[in-house]
Amino acid sequence: MVLNAGLQRSGLIVVGLLLSAGLSALLAMAPGSEHRRLSQALFSLSPGDEARTAVNLPHTWRDACSDCVMAWYEFSIAPPQGPRQPMAIYLPGVGQNAALYFNGEFLGQAGDFQGRGGRHLTDPLLFPVAPSLWRVDDNLMFVLLRAEPAQRGFLPSPWLGPQDSLATLHTVQNLLRQAVVRFLGLACLVLGLVLALIWAKRPAEHAYGWLSLATVSWAIAQLSITVTAPAFEPAIWEPLLNVAATAAPIALLGFVAHVMQLDTGRWRRGAWLMLALTAGVATFDPGGYTERVMGVVVHGLYLLAGIMLMFDGWRGETGLRRCLLLPGSALVALALQDFPIVSALPAFHYSPALAVAVPLLLVAFTWILLGRFIRSLEMAELLNIDLDRLVREKTSALEAQFERVQALEREKVIISERERLMRDMHDGIGGHLVSTLAMLEKSGQQESPVATAVKVALDDLRLMIDSLDPVEGDLTVVLAMFRDRVEPRLRAANIRLQWQVEDLPELAYLGPSSVLSILRILQECVTNVLKHAQASDLVIEARAEDETVSIRVTDNGRGFDTSSQGAGRGLKNLRHRAQELGGELRIDSAHSGTTTILILPSRPA
Amino acid sequence: MSSHRVLIVEDQPLTRERLSGIVAATPGLALAEALETFSSAAAWLESQPSPAVMLVDLGLPDGDGLDLIRMSRHLDPQPEVMVISVFGDERHVLAAIEAGATGYLLKDSAAEEIGDSILRLIDGESPISSSIARHLLKRLQPGTQAAATAPGANLTRREIDVLKLIAKGFAYAEIAENLGMSPHTVTSHIKHIYRKLQVRSRGEAVFEALQLGIIEAPR
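Computed from a prediction, not measured in an experiment: that's the story for all the values here. (Residues numbered from 1 in each chain as written. Chains lettered and ligands numbered in written order. Predicted model: local features only at pLDDT ≥ 70, side-chain atom pairs only at ≥ 80, totals over all residues. Heavy atoms only, no water.)

Thoughts on the sheet that holds strand β2 (residues 29-35) of chain B
Residue and element names in this part refer to chain B. Under the convention used in this document: At least two DSSP bridges between two strands are required for those strands to pair. A run of DSSP states H or I qualifies as a helix once it reaches four residues; a run of E qualifies as a strand once it reaches two. Both are numbered from the N-terminal end. Axis lines are fitted to C-alpha atoms, over the contacting stretch for helices. Their N-to-C directions set the angle, which ranges from 0 to 180 degrees.
Read from one edge of the open sheet, five strands run β2-β1-β3-β6-β7, paired in parallel fashion. Looking along the sheet, the strands with just one partner apiece sit at the ends: β2 and β7 (103-106). Shown here is a sheet whose adjacent strand axes are inclined to one another by a mean of 25°, direction ignored. Note: strand β6 (residues 80-85) against β7, four bridges, orientation parallel. Counterpart to Ser85 in the pairing with β7 is Leu106.

Notes on the pattern of salt bridges
Here is the rule we go by: By convention in these notes, a salt bridge is any Lys or Arg side-chain nitrogen within 4 Å of a carboxyl oxygen on Asp or Glu. Summary of the burial criterion: residues with accessible area below 20% of their type's maximum are buried, those above 50% are exposed, and those between are partly exposed, where the area comes from a 1.4 Å probe applied to protein chains only.
Throughout the structure, instances matching the rule amount to 30 salt bridges over all chains. The partner of Asp503 of chain A in a salt bridge is Lys168 of chain B, with the nearest N and O atoms 2.8 Å apart. Of this pair, Asp503 of chain A sits in the loop between β13 (496-501) and α14 (512-533) while Lys168 of chain B sits in the loop between α8 (157-167) and α9 (172-179), which puts the two residues in different chains. For Asp503 of chain A, a relative accessible area of 57% puts it in the exposed group. Glu125 of chain B is the partner of Arg120 of chain B in a salt bridge, and the nearest nitrogen-oxygen pair spans 3.2 Å. The class for Arg120 of chain B is partly exposed, based on a relative accessible area of 29%. For Glu125 of chain B, a relative accessible area of 24% translates into the label partly exposed. A network of salt bridges, in which partner residues are shared, links Asp312, Arg315 and Arg321 of chain A.

Some thoughts on the sheet that holds strand β7 (residues 97-102) of chain A
Residue and element names in this part refer to chain A. In space, the six strands of this open sheet follow the order β3-β2-β5-β10-β7-β8, with antiparallel pairing throughout. Each edge of the open sheet carries a strand with a single partner, namely β3 (53-56) and β8 (105-110). Averaged over all pairs of adjacent strands, the angle between strand axes in this sheet comes to 25°, irrespective of strand direction. By the bridge criterion, three bridges tie strand β2 (residues 40-44) to strand β5 (residues 70-77) in an arrangement that is antiparallel. Residue pairing in the sheet places Phe43 in a bridge with Tyr73 of β5.

Considering the interface of chain B and chain A
To keep it simple, the criterion reads: Note on definitions: a residue-residue contact is assigned when non-hydrogen atoms from the two residues lie within 4.5 Å. Note: buried area is the sum, over both parts, of the accessible area (probe 1.4 Å) each one loses when the two are combined. Contacts described as polar in this section are N or O atom pairs within 3.5 Å, which, within protein, must combine one atom able to donate a hydrogen with one able to accept it, while residues neighboring in sequence count only if both atoms come from side chains. Gly counts as polar in this scheme, as do all residues outside two lists: the nonpolar Ala, Val, Leu, Ile, Met, Phe, Trp, Tyr, Cys and Pro, and the charged Asp, Glu, Lys and Arg.
In this assembly, 30 residues from chain B lie in contact with 36 residues from chain A. Between chain B and chain A the total buried area reaches about 2900 Å² when both faces are included, carbon and sulfur atoms providing 50% of it. Taken together, the links from chain B to chain A amount to six salt bridges. Between chain B and chain A we count 14 residue pairs in polar contact (both at pLDDT 80 or more) in total. Listing elements by their share of the side of chain B that touches chain A, those giving two or more residues are α1 (13-25), β6, α4 (90-99) and α6 (130-139) of chain B. Of the residues belonging to the side of chain B that touches chain A, the class tally is eight nonpolar, nine polar and 13 charged.

A short note on the confidence of the model for chain B
Under the convention used in this document: The score called pLDDT rates the predictor's confidence residue by residue, from a low of 0 to a high of 100.
In the predicted model, chain B carries a mean pLDDT of 82, and 85% of its residues have values of at least 70. Predicted complex metrics record ipTM = 0.82 and pTM = 0.51.

Structural notes on the nonpolar core
Worth spelling out the cut-off: Buried Ala, Val, Leu, Ile, Met, Phe, Trp, Tyr and Cys residues form a nonpolar core when they are joined through side-chain atoms within 4.5 Å.
Leu252, Tyr302, Leu331, Leu354, Leu362 and Phe365 of chain A are the most contacted members of the largest nonpolar core, which totals 55 residues. Top element by residues in this core is helix α10 (residues 354-427) of chain A. It accounts for 12 residues. Those residues within four positions of Leu354 of chain A in sequence are excluded, and the remaining contacts are Trp218, His299, Tyr302, Leu331, Leu334, Ala335, Asp338 and Pro359 of chain A. Within the second largest apolar cluster, 48 residues are counted, among which are Ala42, Ile132, Ile166 and Tyr194 of chain B.

Re the packing of helix α3 (residues 65-72) of chain B against α4 of chain B
Residue and element names in this part refer to chain B. Selection rule: Note on terminology: angles under 35 degrees are roughly parallel, angles over 145 are roughly antiparallel, angles of 65 to 115 are roughly perpendicular, and the others are oblique. Should the near helix be turned anticlockwise from the far one by less than a right angle, the crossing is termed left-handed; should it be turned clockwise, right-handed.
It is the contact of α3 with α4, at a shortest axis distance of 8 Å, that shows an interaxial angle of 30°. The angle between α3 and α4 falls in the class roughly parallel. Judged by the twist between their axes, the crossing of α3 over α4 is right-handed. Two secondary-structure elements touch here, α3 through Leu66, Ile69 and Arg70 and α4 through Ala95, Ala96 and Ala99. For the contact of α3 with α4, the class distribution of residues is five nonpolar, no polar and one charged.

With respect to the environment of Tyr194 of chain B
All names here are of chain B. Here Tyr194 is to be found in helix α10 (residues 183-212). The class for Tyr194 is buried, based on a relative accessible area of 1%. Taking the C-alpha atoms as reference points, Tyr194 and Gly100, separated by 94 residues in sequence, lie 8.2 Å from one another. Once residues lying within four places of it in the same chain are set aside, the contact partners of Tyr194 are Ile97, Ala101, Thr102, Gly103, Ser126, Pro127, Ile128, Ile132 and Leu136.

Structural notes on the pairing of strand β3 (residues 53-57) of chain B
Residue and element names in this part refer to chain B. In terms of burial, β3 is largely enclosed, as five of its five residues are buried. Judged by which residues are buried, β3 turns out to be covered on both faces: Val53, Leu55 and Asp57 on one side and Met54 and Val56 on the other are all buried. Where strand β1 (residues 4-9) meets β3, four bridges bridge the pair, whose relative direction is parallel. For Val6, the partnering residue across the bridge sits in β3 and is Val53. Pairing of β3 with β6, which is carried by five bridges, proceeds in the parallel orientation. Directly across from Val53, in β6, lies its bridge partner Glu80.

A look at unusual backbone geometry
Residue Pro58 of chain A follows Leu57 of chain A across a cis peptide bond; omega there is 0°. Summarising the element assignment, Pro58 of chain A is placed in the loop between β3 and β4 (59-60). A cis amide bond, omega -5°, links Asp76 of chain B with the succeeding residue Pro77 of chain B. Residues other than glycine seldom take positive phi values, yet Asn103 of chain A does so here, at roughly 50°.

Here you go:
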């Protein structure tokens, strides 16, 4: 069943929203009710400061001092009730570097307090509190924070609870906010570089370029989450990350615009202008609000990308196109939800869901694009294979044609040679032989041995000429030619000819020389009959048998002794010819007549 | 009934003498003239009443016997033309038939055979050999280009049957029996086929001339 298009669209949006809600719920997972949330503290800008103010957490202290580096929070904690068990303090993410002191004891720290400002934006921190540290009445905890002026100063509510369950929570959150983001960042970097390589080869296909820029930018931008010790001075590190963080959504917008076929020169110019602007602001803004402004701008861009994806998915005619509604709606929902966080409204934990959602989306898009690229490669390969096959077929067809042409050429050579021979013989030897005969006839010697010899020579000449006529494997044609030659002679000798020739199978091996051999054998048989047999009837039969074709010449003459010396030599000659044809010759002679059988193979031996 | 006049054009003296002797000795035939050259024969055909039969050798020293045959087509009445051949091969014979001949003679045939076949030709019976039949079949296959310019030149089914049997070596009488017709019908088929080859060759000539632009197509 195909879903109704409207239903399909709504369904995709609902799924997108559900996914985004699920992701935010995971990220916002808070300790259970058995834990104590420490939501009130005394805040000061330095440990010795007497002017401490009571604040509710989460609290951003950058509002109180734009160029301060340190902040100091003091918590007063009642001892835990119930059975004694190992307790711990859990910080969902402190913005920057933090150090904890409990009843004067140092609990631990995240990041360096001397060198460059560290980053623990979404890094959950866990500090176990040894049971011996607890006092029965009041316990005092200090949280020291350090942030560069360009960074935000921020403290969420710490949680106090059993170490076991907080450790589990810490592990899960660490996995989600750090490991997953790190992994996706690495994937983005690798895929982005692959895309860049493809784009370098195919600069005309902007989709690769946009997505490559988006993924690589993201891979750099996410360092602000995953790297706690910056590699460069903040003056370089912060602008670099900010520019990358802006470049990623700009490039994503470019990609979406390309998908929507809005990818014009104007779009590209706009994107570069925006990047340049961001870079300028990030580099030269000394005020310390850059990060917040950037966060708003970046999230605004992601929101726009989500809206465009939704728009395109909504218009889409194909199912695949409509699927854009899913990432579109998720992106819109998550960007909206993250807005308060990035604009520093202290209502949420500092854990933007886009940090996970965007790389997921980028990886998915890249995967699709690479899949398409690989498919196009495969298509090309298939096309090549097809082409190869075609070429092979054409080649063999050409070869076959060439062979046919060659065969025709050979046949033509034979025919033209035959014509030349006939012309020469006609005007030359043939004419002379005929004249000689006429001369002998004129002088009354037409029956002389010389006249007979001349006739034999003339007959053989005719056989040679006949044998050069292409017969296309048809033995009946050969026999017919023979009949034409021999019948007037038989008629003159008053010998009746019975012609019993069936249709015969094609003998592929019949060429000029084999035809000449057959004609000569038959001629010899008939000549013998004319000369010696004193027959009145001659039967010529031809029929096909299983593997052979037989030609039978039978007369009703007086026969001859096949073993006599004179006959023997002639017969030996005939048999030899028959053997050369791959056949045999059988002669059966009696007083009632002679039968000569020429047996030829149906196929060449 | 008066004897049929026979013209012989043959450059070899011995053959010419022999043929002259045979014609003269055959009852019903009379030798009109025996000539040696193309030019003398052409002049003779122009000046003398047309003979009943012309025996002509193709290889004349001063011209082509085929041209003599073509010339004879314009005479009235048209003589029967036999081409004199040593081998009776299809190259010679078909070219002669295309030019207008209706028969062929083997130079060394026995005297009676020669006289007999001249008389039979006058009677309407054209000789044909199996290989000539085979080449005729090839030449007159329906559907060639010339068929369009000479529609009358296509063989009928019956004619094709006759040619096929001849090509297989059957004699007229055997063919007549096989196809259920009289021997006379078989011979008249042959004559028709010869005429068609002539028409066909003219058709081909016209076709080629049209192709070459030598003549203009009728409008």
